[in-house]
Amino acid sequence: MVLMVEGLCFNHLYWRFHMGDYEQLNVPLPVHEKLNRPAHVITKDGAALSINEINRPVMTAAVTLAGADERCELRWLIKDDSSQHAPVPANTVFAVPASERVYNSLVVSNGNAHSLTLTLVNSKSGAAAVTSLVINQPPAYNFSVLRFAGMLAIVWLATVILRLRLYRMTMRTLTRRQFAAGTAFSAAICLTGAMGIFHLTSPHNVSPHLLYSFNEGNIFLQMGNKDQSLLLDFPETKDELKFHDNYTRTLDAMFKGQLHIDADIDPKLLAMDNPYDIGARAAAGAKAIWDYSYYEGKYYSYYGYTPVFAIYLPIYAVTGKVPTQALASFIALSMLIASAFWAYYAALRFFNINANVLIYFLGQSALIYGSWAYINQAFIQFYSLAVLMSLTFFNVVAALSFSLPFTDSTVKRRVFLGVIALSTVLIVQARPLDLLYAMTVAAPVLWGMVRAGKTSSAAHVAYGRKEKAVDAAVLLVPLGIGAVITCMVNYMRFDSIFEFGQKYCTGLENFAYNKIELNLEIIVKSIYYNLFAAYDLTRAFPFFNNQPNTIITDMGNYMFAHYPMGLFSAPVWYLLLLLPLVFTRKLVSGKNGQQVRSAGPDAGIADNSSYANSRSSLRARMFGNPLSMPARASNIYSISAVGSFRVISVLFVVLFLALSYVENLVAAFTYRYTLENAIPLSIVILCLAGMLVHWRKGMDASSKIFYWLVVLAMLKTVAVGFFLGVSFLMIEFPYVNPLGVIEMGEFFTPFSTIY
């Protein structure tokens, strides 16, 4: 079946052409004086290429182009028997003139074609040269091994799901091998998307002359390098340093024992009263390094130290070099994927949710794709890297906090507490406000530890003041040291322990004038941009278009909408509307007793009755059955799984709305802040799916329809998340790898244009 789809459907134009009678016509072109070869130059200003008196049926038109290394848009217009007086659009073609490859397009005539016209619709350079033109060139038979393998994998997966009836299984019926295989497949789905974006942004595939982007005359974005390598030599001079990103400059400052980065200060900038106003800088002719914190004659990076410690420093320690932004973004997203999978599973275990197997494994992929992680990877700049790293360490805090009640070793418990403390410090050093999410997930477990010992239980008595004091020290001492260092660094840079530097950034906005206040109009816009802003569907690859980039100047604060995308564009987020069901008594206890209870949260983690016969379950094999643990491990925490889920879910919703509003208010409506607030709430939503979405014997038709609708929503979420990432890359950085985007379009849509 897959062979037929690849050979007949994806190559149907090959068979269609050869079943018709299409006479080939080679169109001669005049010799161009400057190019010294046959060519016809078309321009965006109106100069087009027209071929008249064709007088034959036409199916294809193939052109070879020469010109700039950019992605340009061309349009074919046709006059035929059905439109003899005015040309009508026949097809749109995206091409890279510098590639000098053949672009064979579908331009089907109704009856005989009388004329064809090729126009240049969009091009940065404004011109391209047509060096050859052939009408009715036969389409090549293009059998894609990669596409064939991908479809085969999808069919194989569907077969496995149906034959093994995974949709009827729950997590407690899985073996370790089944769990590992399912997780590996979900990870492969997520990493495939990451590899696709990495392929498009890797320096290996970026033209060698496309090295940098400039803003205010300064380096803003490093797209590639002359060697097209993934690693860059560490800068040795100030002139070399200016061609590197924020984190390399921060690492250089660390090695020099200073907080500020080495950079020349424009004397005109020093003389300004308000150097943060981009209009005032332009009027004064002053230049500032784009989007750094400028304070009292020195530049600082306000994007934190976490990416430096987690990515740049380890790579430098091993290789003596630093990563390109494309490599750093790929590593950060890979870390986010691994940590999110861990946090998701730990949350299910903590809340005692016996999730449906198919919903769980699809949920792993939906967790990543549905939070716009790939849009952030495609934005190969220092902005998104801090967000990706902050969320990675939030997931570590969540996973370890949710795992603490299942830890039967004192040493292991204290290692967990120490890592939680270190991860919390790293969160603050990347995105300070994300600390609130970390505190929310850790609070129930830590509160349970505080309350331990207030009953007459022998286990509670064993966990006495001495052990509490040691555990508290393991957690609080690293947190205290991290807090003191953070406050000292902030004060030494900006004379305030609470200022991280955004207020003094030299970017598009004057953040110093932005105020945090209640503004109903901004509240409404924040909810719209973060939840409801929708994509536009397109016929051609990548099928989805992001929201436009706009400046907002009529709301008091300096803000802009930087390609925002509402989370409800990912269908899995509609499960959020079912969150009120968590507060119903029926969901918790159910009318049918234990059968319904196993689908939702148990009465509490200390109540192990539901695990009495589960020694062969995944939990028993991978983590140990709670009944087999020492009493102290299973009873030390006075925690209700139901109560914890209710509190955490409500607080996450509140934090999502509140932090989104604050970030939008003081900076921008942007996909980065949406991602930042989406990952924590996504875990709650997927846990909710684990409670509600099950396949049971005797379930009615409406329940089956609901189940498969959720499955389809998760699958569509994966597609939307990936293609929006590619779409963002095409809009924001069309010059990075234009040919790579076109080649990816060949893979997905060989229907309208035959390359």
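Draft legend 1. How the structure looks around the sheet that holds strand E10 (residues 113–122). Ordered in space as E5-E10-E7-E8, the four strands form an open sheet in which the pairing is antiparallel. Looking at strand neighbours, the two that pair on one side only are strand E5 (49–56) and strand E8 (83–95), the edges of this open sheet. Here the strands of the sheet are splayed against their neighbours by 25 degrees on average, with no regard to which way each runs. In the sheet, E5 pairs with E10 via five bridges, with the strands oriented antiparallel. Looking at E10, one finds that Asn-52 is bridged to Ser-115.

Draft legend 2. Representation of the pairing of strand E11 (residues 127–135) within the structure. Buried residues dominate E11, accounting for seven of its nine residues. Sheet topology note: the strand E1 (residues 25–27)/E11 ladder contains three bridges and is antiparallel. Looking at E11, one finds that Leu-25 is bridged to Ile-135. Here strand E4 (residues 40–43) runs beside E11; their pairing, made up of four bridges, is antiparallel. Within the sheet, the bridge partner assigned to Ile-42 lies in E11 and is Ala-128.

Draft legend 3. Focus on the pattern of salt bridges. With the rule as written, the count across this model stands at 12 salt bridges. Two residues, Glu-73 and Arg-75, come together in a salt bridge whose shortest N-O distance is 3.5 Å. Given the relative accessible area of 29%, Arg-75 is considered partly exposed. Each of Arg-413, Arg-414, Glu-467 and Asp-471 takes part in a single network of salt bridges with overlapping partners.

Draft legend 4. Just helix H14 (residues 410–428), in detail. With 19 residues, H14 extends 27 Å from end C-alpha to end C-alpha; this agrees with the ideal 27 Å at 1.5 Å per step. Listed as buried for H14 are Thr-410, Arg-413, Phe-416, Leu-417, Ile-420, Ala-421, Ser-423, Thr-424, Val-425, Leu-426, Ile-427 and Val-428. By the N-cap criterion, in which a side-chain oxygen at the helix start approaches the backbone nitrogen of a residue two or three places on, H14 is capped by Ser-409, the distance to Val-411 being 3.4 Å.

Draft legend 5. Quick look at a nonpolar patch on the surface. The grouping of Leu-3, Met-4, Leu-8, Trp-15, Met-19, Tyr-141, Phe-143 and Val-145 at the surface amounts to a nonpolar patch, some 870 Å² of accessible area in total. Mapped onto the nonpolar patch, the elements with two or more residues apiece are helix H1 (2–9) and helix H2 (12–19). Relative to the elements of secondary structure, Leu-8 occurs in helix H1.

Draft legend 6. Broad picture of helix H15 (residues 435–451). For H15, spanning 17 residues, the distance from its first C-alpha to its last is 23 Å, which sits close to the expected 24 Å at 1.5 Å a residue. The axis of H15 is deflected most strongly, by about 45 degrees, at Ala-443, and proline Pro-444 appears within four residues downstream. Along H15, the positions that sit buried rather than exposed are Tyr-437, Ala-438, Thr-440, Val-441, Ala-442, Pro-444, Val-445, Gly-448 and Met-449. Turning to H15, the residues buried within the fold contact helix H10 (325–350), helix H13 (382–403), H14, helix H17 (465–494), helix H23 (641–666) and helix H24 (671–692).

Draft legend 7. Looking closely at the packing of aromatic side chains. Taken as a whole and assessed by the stated rule, the structure comprises 45 aromatic pairs. Ring geometry for Tyr-295 versus Tyr-504: centroids 4.8 Å apart, planes at 50 degrees, classification tilted. One end of the pair, Tyr-295, is in strand E15 (residues 293–295); the other, Tyr-504, is in the loop between H17 and helix H18 (520–532), with 209 residues separating them in the sequence. Since its relative accessible area comes to 14%, Tyr-295 is described here as buried. Above the plane of the ring of Phe-94 lies Arg-71, whose end atom (NZ or CZ) is 3.8 Å from the centre. When the ring centre of Phe-747 is taken as origin, the NZ or CZ atom of Arg-147, which lies over that ring, is 5.9 Å away.

Draft legend 8. Local environment of the side chain of Glu-6. With respect to the element layout, Glu-6 can be found in helix H1. Not counting chain neighbours up to four residues away, the residues in contact with Glu-6 comprise Asn-11, Asn-142, Phe-143, Ser-144, Arg-147, Phe-148 and Met-151.

Draft legend 9. Quick look at the packing of H18 against H23. Between H18 and H23, the shortest axis-to-axis distance is 9 Å and the interhelical angle comes to 110 degrees. In this view, H18 runs roughly perpendicular relative to H23, as classed from their interaxial angle. Across the interface between the two elements, Ile-522, Ile-523, Ser-526, Ile-527, Asn-530 and Leu-531 of H18 pack against Phe-656, Leu-657, Ser-660, Tyr-661, Asn-664 and Leu-665 of H23. Of the residues contributing to the contact of H18 with H23, the split by class is eight nonpolar, four polar and no charged.

Draft legend 10. Seen up close, the side chain of Ser-403. You can see Ser-403 is positioned in helix H13. On the basis of relative accessible area, Ser-403 is assigned to the buried category, the value being 6%. If sequence neighbours within four positions are ignored, Ser-403 has contacts with Trp-342, Ala-346, Arg-349 and Phe-416.

Draft legend 11. Spotlight on the confidence of the model for the protein chain. Here the protein chain averages 81 in pLDDT, while 84% of its residues score no lower than 70. Taken element by element, the predicted model of the protein chain shows its lowest mean pLDDT in helix H20 (residues 594–597) (32) and its highest in helix H9 (residues 306–319) (95). Below pLDDT 50 for its whole length, residues 454–461 participates in 10 contacts with residues either more than four positions away or in separate chains.

Draft legend 12. Expanded view of a positive patch on the surface. Judged by side-chain charge, Arg-165, Arg-168, Lys-697 and Lys-704 come together as a positively charged surface patch. Inspection of the secondary structure assignment puts Lys-697 in the loop between H24 and helix H25 (701–732).

Criteria and thresholds
- Residues numbered from 1 in each chain as written.
- Predicted model: local features only at pLDDT ≥ 70, side-chain atom pairs only at ≥ 80, totals over all residues.
- Heavy atoms only, no water.
- Pairing = 2+ DSSP bridges.
- Helix = DSSP H or I, 4+ residues; strand = E, 2+ residues; numbered from the N terminus.
- Axes fitted to C-alpha atoms, helices over the stretch in contact; angles between N-to-C directions.
- Buried < 20%, exposed > 50% of the residue type's maximum accessible area, 1.4 Å probe, protein only.
- Salt bridge = Lys/Arg side-chain N within 4 Å of Asp/Glu carboxyl O.
- Expected span 1.5 Å × (residues − 1).
- Polar contact = N/O pair within 3.5 Å; in protein donor to acceptor, adjacent residues only side chain to side chain.
- Patch = residues over 30% accessible without salt bridge, like charges linked within 9 Å, V, L, I, M, F, W, Y side chains within 5 Å.
- Areas by Shrake-Rupley, 256 points an atom, 1.4 Å probe, with all protein chains shown as cover.
- Bend = angle between axes of the 7 residues up to and from the residue.
- Contact = heavy atoms within 4.5 Å.
- Phe/Tyr/Trp six-rings, centres within 6.5 Å; stacked < 30°, edge-to-face > 60°.
- Lys NZ or Arg CZ within 6 Å of the ring centre and 35° of its normal.
- Parallel < 35°, antiparallel > 145°, perpendicular 65-115°, else oblique.
- Nonpolar A, V, L, I, M, F, W, Y, C, P; charged D, E, K, R; others polar.
- pLDDT = per-residue confidence, 0-100.
- Lys, Arg positive; Asp, Glu negative; His and termini not counted.
- Charge placed at Lys NZ, Arg CZ, Asp CG, Glu CD.

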